[in-house]
Amino acid sequence: LSNAAFLADQPYVDQPIESLAAPAFANFRVNTAKGGVYEYPSGSKLVVPAAAFANDYGQLIGGEVDVFYREMHDYVDFFTSGIPLRYDSAGNAYQLESAGIIELYAEQDGHRVQLAVGKKIDIELASEILIRTDRLNTPPRYNVYFLDTLINQWRYQDVDQLQMMEEGQTMANDPYPKEKNALLNELQ
């Protein structure tokens, strides 16, 4: 068996390494009629609109949906999760550099559901990025990719809407800035 044949026979997303702790999923229960804003322990936020979920036939579903979310921020998390970072662009192979990877899916009664047509879940990913002091005036730009497991490729989606913050600073549209700053001061 050649190396190429062996690699072609392997799954695109490897099984997580069981002996190492992969980042855990958070579970948010969403009322489909209302949607909501949900915060992950890192400070990241998910904004789920009302009527956001559909069944396999594209019909809107009611009731409650469980949204499962996790994020990974460093190469150890990426490696232990089994998510590949290689991608192809115009016939050239590259490795993705990442400010963070999220994994998100939803279920109702143990069955996967999909986003309804025209709906999206907005995600504000809180991530720490190290920047050289001589490059502070030009923050880095990141592209947003989606891992399409049907065709085993990373697909380009958009340019990230990066907002730089000093340590302890909160997002401009954060509904809880006083509470977070008070907690940060208390922890320090």
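Refer to the structure printed above.
Since the model is a prediction, treat every value here as computed from it, not as a measurement.

**Some thoughts on the environment of Val 47**
By the secondary structure assignment, Val 47 is in strand E3 (residues 45-48). Judged by its relative accessible area of 32%, Val 47 is partly exposed. Residue contacts for Val 47: discarding those within four places in its chain leaves Gly 36, Val 37, Lys 120, Ile 121 and Asp 122.

**Some details on the pattern of salt bridges**
In the structure shown here, the tally under the stated rule is seven salt bridges. Glu 124 serves as the salt-bridge partner of Lys 45, at 4.0 Å between the closest nitrogen and oxygen. With a gap of 79 residues between them, Lys 45 in strand E3 and Glu 124 in strand E10 (residues 122-124) connect regions that are remote in the sequence. Residue Glu 103 is joined to Arg 70 by a salt bridge in which the shortest nitrogen-to-oxygen separation is 2.7 Å. Taken together, the positions of Glu 103 in strand E8 (residues 101-108) and Arg 70 in strand E5 (residues 64-72) put the pair 33 residues apart, joining distant regions of the chain. On the accessibility criterion, Glu 103 (27% relative accessible area) is partly exposed. One connected set of salt bridges, linked through shared partners, spans Arg 29, Glu 64 and Asp 66.

**Remarks on the sheet that holds strand E1 (residues 26-31)**
Taken in spatial order, the five strands line up as E1-E5-E8-E9-E4 in an open sheet, and their pairing is antiparallel. Edge strands, defined here as strands with exactly one partner in the open sheet, are E1 and strand E4 (53-54). The pairing of E5 with E8 spans seven bridges and is antiparallel. Across the sheet, Arg 70 pairs through a bridge with Glu 103, a residue of E8.

**Examining unusual backbone geometry**
Positive phi, normally seen in glycine, also occurs at Ala 51, with a value near 55°. Structurally, Ala 51 is set in the loop between E3 and E4. The backbone phi angle of Asn 152 is positive, close to 55°, even though this residue is not glycine. Inspection of the secondary structure assignment puts Asn 152 in the loop between strand E11 (143-148) and strand E12 (153-159).

The rules behind each value
Residues numbered from 1 in each chain as written. Predicted model: local features only at pLDDT ≥ 70, side-chain atom pairs only at ≥ 80, totals over all residues. Heavy atoms only, no water. Helix = DSSP H or I, 4+ residues; strand = E, 2+ residues; numbered from the N terminus. Buried < 20%, exposed > 50% of the residue type's maximum accessible area, 1.4 Å probe, protein only. Contact = heavy atoms within 4.5 Å. Salt bridge = Lys/Arg side-chain N within 4 Å of Asp/Glu carboxyl O. Pairing = 2+ DSSP bridges.

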